[in-house]
Structure formats: structure tokens, C-alpha cells
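What the coordinates show
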Amino acid sequence: MEEKQGIITEIIFHNEENGYTIAVMETEDEYFTVVGCLPSCVKGSGYKLRGTFKIHPTYGEQFAFSEFEEMLPTGKAGIEGFLASGVIKGIGPKMAAAIVNQFGEETLEIMEHEPERLSLVSGIGPKKAESIAESFAAHREFANVSMFFQEYGVSADYALKLYKIYGAAATELIKENPYRLVEEVYGIGFRKADTIAEKMGIEKESTFRIHSGIKYGLSYYVGEGNTYMPQQELCENVADLLDLSTELIYENMVAMAFEGDIQIDNLGGQTVVYLYLYYLAEQKVCKNIAAIANANLKSLSVDIDSMIKMTEGETGIVLSEQQIAAVKSSLTSGISVITGGPGTGKTTIINTIINIFEHSEFKVAIAAPTGRAAKRITETSGHYASTIHRLLEYYYSEGEDMMKFGKTSEDPLKYDVVIVDETSMIDLMLMQGLTDAIKPGTRLIMVGDYDQLPSVGAGNVLRDIIESEYVHTVILKEIFRQAEESMIVVNAHRINKGEYPFVNGKDKDFFLMERSSEKAILDLILELVTKRLAAYYEGIIPVRDIQVLTPVRKGSLGSISLNKELQQALNPPREDLMERKFGEKLFRENDKVMQIKNNYQMGWKKRRDFSEGQGIFNGDVGFIEKIDKEFNQMTVIFDEDKYVTYDFSQLDELELAYAVTVHKSQGSEFPIVVMPISWFPPVLATRNLLYTAVTRGKQIVVLVGSEGRMNAMIDNNRIKMRYSGLRYRLESLLEAGQ
């Protein structure tokens, strides 16, 4: 690592929130661009920077630094320039000249140790002198905090976060317990905190370390989809992580349970451990489901059989016995589940249910876990659907510095019926938020396909509810005649039953194109997407209508690599196309991108009718219209006419979307799906992942790769077991007759 000492002569970009800075530094014999975190960077400031020179593909050579030390000026001219820069509140150029004229080279020493003497300067009274001294002290305070943390390998941007949380007390608090970093600073994990703690001399057997390690172990398993862990397994894993005895881990678990950080419980004769938040969520979801299921319901003002007949007449679709049973259970139950694969008539059932409720003048809400899924329901049903988060009025609470649901048990939803589609995607915490907001007496109808991949978040909500048999459930198995004409639908059901699909039928919609090597698979995918599919199917616009899906993010056939290849093929560099690099991602005008987190505050505008609104959601796909480097902004168009402007600092919310993982595609449908079939980790190369991928295609599905690998995926019915207690708790209620 090199060290450079000089003066900042120009600031190209500075983010006040995170300190990210691009500036020009001048030393005694050179000047160059520097890039890194300088929290209070002003022109004229002096710094020692430690880092390395790197070549940026667009901007050339830059000095990328990870450590800095502010160098206070010593000469009169330097001190005056420093004070005149605006870094100290209340001092401008004229005041700076007057102060330096009064105190000369002793100015900074006086400001730090004898600030009351500042009132000797004309225009500075006692209050202003105090204000200037406080501003200078805060400036020096952060410099000292930052220097302290840099000694332990904590970068300047993390030091800024710590200073904002703890102020001057940051060093003492972290010295006492470095494991605070894990819970209170996003981006610092247990292993990083453990390394820092070791450097600070924290004992291996420290209670702080063991408690943090136990929480880390539980949090890791929550990230894998579990809501709890068997105590013995958790003890052994944490003991290995910390290199301590299982007995010591067990003793600390008991102490943490008494303190309320974790919960030790017994499920099915096994001792298990929860993070308390997830234990509470399971309890509340169970209690809420029971309350909704057993409540007195508002009566329908119409005859159900007559309304079903009338709806059949209006739509020309005659319902099967199974569909009629699903409609009736939904109308007469406090809570009900309708599950089935593609082509089993779930949409027809939803439309019939809505029609009957509306004739009874019931107020109906329709929702789904993602924006894409909600949009698809709106298109297929003709009724407006929102995301669950929007339905529950998710918002940022400034006072608590966290996101919260506006609709709760204290202020519940004012609907007679809530219909939720794609419920296989709902995790435990979202289910808690949803059921908290539904007052008993409201009908909750859950629709989904429990053979698809489970939720990304912890829990196994839909499967647990169905398998507990606590809630009235209709499982749709009949494929209707129109759907039977689609080999996508037929093969989806074959795959789900463990049977190999029919492929490459003439004038059909399901294809397997065999290739053996990963390079050959990649080459054919590029050829299909850029040329062959658009040439064969009329009206296809590749970047809009073709979606490449893959089981994995990494590797030559993972989404990261595929996106680079597809970007190069479908939207190559041109002189007239602006680009912006963000971390490892390169964005280019016209690129296809996906929003990867819900942002309920993000504003959008429509140019067609000048309407405005808020909210861009996880899974929304758009196209980059403009990259504006003068204003550090990027404009993305969603849904053809919804314009959203991102600050460059917000680009972590976007990814290229020429290829996406199967998990990310849940809740979406695409005209054409193309997917590589090669060796993938067995935990991902599963039947239900392939089933989920195939059911994303509306018109054409093309698998590229090995038939043997495809068949192995179908044979691999290893659904990764999730530790989830909701089923046990609902079964207990059923046994107790509640």
C-alpha cells in the first residue's frame, strides 16, 4: 500500500451521507485523482492517504485509498485557507482572515484549548466563539475516531457510520464490546468483528464473543430459510466456529434465554433454539390464523350456487367439481387455501370468488408478495392487485429509524375479504405482518403452488399451513383442456410427478437442445437469444420478450457471467451510449435491469399523462434510458412509461436482468424462457427448481444442455429441509380442538 500526502485542490464528487469522494490531490511533485471515503472533505484540506493506483476503464488512473489521516495546516496561509474552506461552521473567508491575523500560527491550538479567546476577534461574541469551538472539536473528534478504527482495519466509511451512531463515545464503547459492530453497523459481520476483537485483546471466552457467536450461528441458519435450530446441532456448530467447548456454549445459551435474546423451546420432543424475534413471529402467526379461522363471518347476500351458474354464463367457462369446492370453501371459511400447478384453473376460481363477493357488496383486496406478481394478477383478473407491503402501508419511521407496517392489529385493514396469490413466496415475518393486520371476521384466501420453491426468507409458511391440515385446503389436480394443449403445462406436471418431459414436438412449445460443454451451452444460448428465436417467432423483441433463467449466480452459466455475455451481445458498447460502473457492475444506456429490493419511497413519473407516484419493487424490470454523469443520476423506464431517477449512490438497488436466477423469477411470467442445463450444485439442481423455472414460460420454454442432467434434476426430489415450527404449532391447536 502506498502513502500519499498532499492538498485537495478540486472536489469532483462528494456524498455527504457515506463520505464517498472523488477529488484531485496535489503533492509537492504531482497531482492525481483520488477515490475513497473522506467524510468532511473540503477544498484546501490536507491529507495522508494510503491506498494503490488503479486503472478505471472510463476515467483512467486513480489513487484508490482505504485509509486517511487529516493533516492540519501549520503556516498562516494554510491555516487561513483551511478555516476559509467552510469545514468549520460559522467561519467564512473574511472571518478566517481576521482570526489568523489575530492569532497567527497558534490559531488552531487556541481554537482547541482556549476557544474563549476567539471573542477577542471583532465580530465574534462569546456564543459564536463557543459555536466555532464546538464545530472544530467535532471535526477533530471524528478525525480521532477514524484514526483509532483504522488501526484495527475498520475502513473510513464504517468509522463514519460508527461516529454517527455513537459520537465521541464510539472508541470506548467498541473497545468494551467490539461485537456491537455486528448488530449495529450494516456490512460488518461476525468474522470481521471477531478479528477486530482479537486485535483489541478481547478474551476468547468473553461473554460478548460467545453471545455474538450464538446469534451469528442462528442468523446464518435464518438466512438459509430456517426459523430455529436443534440445540445440539447449534451448540456443536458454534463451538467449532469459536473453538470453544460445547458445554460453555450451552451455558451461555441458557443465560441468553433468561435475558430474552433467544428462546429455547421443545418441538416434537426435540429441544430447539430460536432468535426471539422468530419465536414470537411463529407464535403470533399461529394465534392469528386460529383467530381468523374461528371468527364469525359476515353473511353473503346471494345464493352461492346461483352466482356460480351466473358467472359461468358470463365467462363461458364451466367450473369443475374441484373448482366449485374451492369457490365454496373460500366463501364460507374464515381462512382457506387453494393450491395447484399451472393450467388447473386458479385464475378462474379467483375471478369467480371476486365476482360473487362484489355482488354481495363485500370490499375485496387482492395482493401478492412482489410487484411483478401483483401486476400479473391485475392483467389476468382485470382487478387491481397490490404488493402485500403496499397493502399494509409499509413506511419508514424516522423516530425509530426503521421500516414498519402502517396496518397492524391496532389499525387493521378495512376489507371484508383479502385474497393473496403466490403465497409460496411469503416468509414467516411477512405472514406475521399480514395476519396481524387482518381482523377476525375478514376472510383470508391464500392461493399458490406449494410445489414451487419456498420463500427466500425464513419459514415454510404455505407448506406448513397445508400439511398441518388446520386450514381448509383444496388441492387442484385437474388440467383443463385448453391448458392440455400446452406442452409447458403438461411437462410442468410431469416434472412435478417425477416423470421426464416430452420435448421437441412439432409445432409445440417445449424444447431441449442438447449440448455437452458449458461453452457450447453458452454459445447456443447467445445464438438463440440474439438471432434464432426472433427469426422464427414473429414479433419477438429479444431484450423484451426472452428471459434467460439459471439456477445459480456464479460460474460461467450463472446470472453474473451470463449478464455480461448477454449485455455484450444485445447492447454492446457504443460511443453514443453512456456507461456507469458501480462496484463490479457495469450499467449502459438501453440495458435491461431489475430492481432487487422494495423501495417504497422511490418516486416515479409518467410522461404520457404526467401522473406521479411512489414505489419500485423487488423484481420490477426496466430499461436504462439515460446516464447523466453531470448530475450523477441514472433514469430507468419501468412498465414502458414509468420513469424513475436513481442517484448513483442508489445503484446497489439494481442488477442487469438479461439473465436472472430462478429464485428471482418467482411470481413473474415471460413470453420465452431459456435455461441452461448443466452440472449445478445438487442442492440447487432439484425437481422443484426446474418445475419453478418451466412454469415461468408463457409461450416457449427452451432448455439448453444435457438430457441426462435434466433427468437427474427431475430425479433429485431433495427438497431442502427447513426447520420451521409453524406446522407443529398448528397441529397442536388442531389436537386441542382450538
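Scoring rules and cut-offs
Residues numbered from 1 in each chain as written. Predicted model: local features only at pLDDT ≥ 70, side-chain atom pairs only at ≥ 80, totals over all residues. Heavy atoms only, no water. Pairing = 2+ DSSP bridges. Helix = DSSP H or I, 4+ residues; strand = E, 2+ residues; numbered from the N terminus. Buried < 20%, exposed > 50% of the residue type's maximum accessible area, 1.4 Å probe, protein only. Axes fitted to C-alpha atoms, helices over the stretch in contact; angles between N-to-C directions. Contact = heavy atoms within 4.5 Å. Left-handed = near helix turned anticlockwise from the far one by under 90°. Patch = residues over 30% accessible without salt bridge, like charges linked within 9 Å, V, L, I, M, F, W, Y side chains within 5 Å. Areas by Shrake-Rupley, 256 points an atom, 1.4 Å probe, with all protein chains shown as cover. Salt bridge = Lys/Arg side-chain N within 4 Å of Asp/Glu carboxyl O. Lys, Arg positive; Asp, Glu negative; His and termini not counted. Charge placed at Lys NZ, Arg CZ, Asp CG, Glu CD. Domains from an automatic or database assignment.

Where strand S7 (residues 262–267) lies against strand S8 (residues 270–275), six bridges are found, and the strand directions are antiparallel. The partner of Gln263 across the bridge, within S8, is Tyr274. If you look at the hairpin formed by S7 and S8, you'll find two residues sitting between the two strands, and Gly268 has a positive phi there, around 55°.

Look at Asp243: it is not a glycine, yet its phi comes out positive at around 60°. Structurally, Asp243 can be placed in the loop between helix H10 (231–242) and helix H11 (246–259). Positive phi values are uncommon outside glycine, yet Glu361 reaches one of about 60°. For Glu361, the location among the structural elements is in the loop between helix H15 (346–359) and strand S10 (364–368). Glu361 sits in the exposed class, given a relative accessible area of 69%.

On to the sheet that holds strand S17 (residues 510–514). Within the open sheet, the five strands sit side by side as S17-S30-S29-S18-S28. Their pairing is parallel. Strands with a single pairing partner mark the edges of an open sheet, and in this sheet they are S17 and strand S28 (659–661). Between one strand axis and the next, the sheet turns through 25° on average, direction left out of account. Pairing between strand S29 (residues 670–677) and strand S30 (residues 697–705): seven bridges, direction parallel. Opposite Phe670, over in S30, you have Gly697 as the bridge partner. On top of the sheet, helix H26 (residues 687–694) reaches S17, strand S18 (546–550), S29 and S30; it is set at about 150° to S29, its chief contact.

Relative placement of two packed helices is described by the angle separating their axes and the distance separating the axes. As a packed pair, H10 and H11 sit with axes 9 Å apart at the nearest point and diverge in direction by 115°. Classified by chirality, the crossing of H11 by H10 is right-handed. Between H10 and H11, the residues in contact are Gln231, Leu234, Cys235, Glu236, Val238, Ala239 and Leu242 and Thr246, Ile249, Tyr250 and Met253, respectively.

This part covers the sheet that holds S10. Two modes of strand pairing occur in sheets, parallel and antiparallel, and in both the strands are linked by backbone hydrogen bonds. Spatially, the six strands line up as an open sheet ordered S11-S10-S14-S15-S9-S16, and their pairing is parallel. At either margin of the open sheet sits one strand with a lone partner, and together these are strand S11 (386–387) and strand S16 (472–476). When strand S9 (residues 335–340) meets S16, the two strands line up parallel, connected through five bridges. Along S16, the bridge assignment pairs Ser336 with His472.

Our focus in this paragraph is a negative patch on the surface. A grouping of Glu105, Glu106, Glu109 and Glu112 is seen on the molecular surface, where their side chains present a negatively charged patch. As for its placement among the helices and strands, Glu112 is situated in helix H3 (residues 107–113).

In this section: the domain arrangement of the protein. Interface size is commonly expressed as the accessible surface area that is lost when the partners come together. For the protein, the assigned domains read domain 1 (1–50), domain 2 (72–152), domain 3 (157–272), domain 4 (281–481) and domain 5 (499–715). Distance from the C-alpha centre of domain 2 to the C-alpha centre of domain 4: 63 Å.

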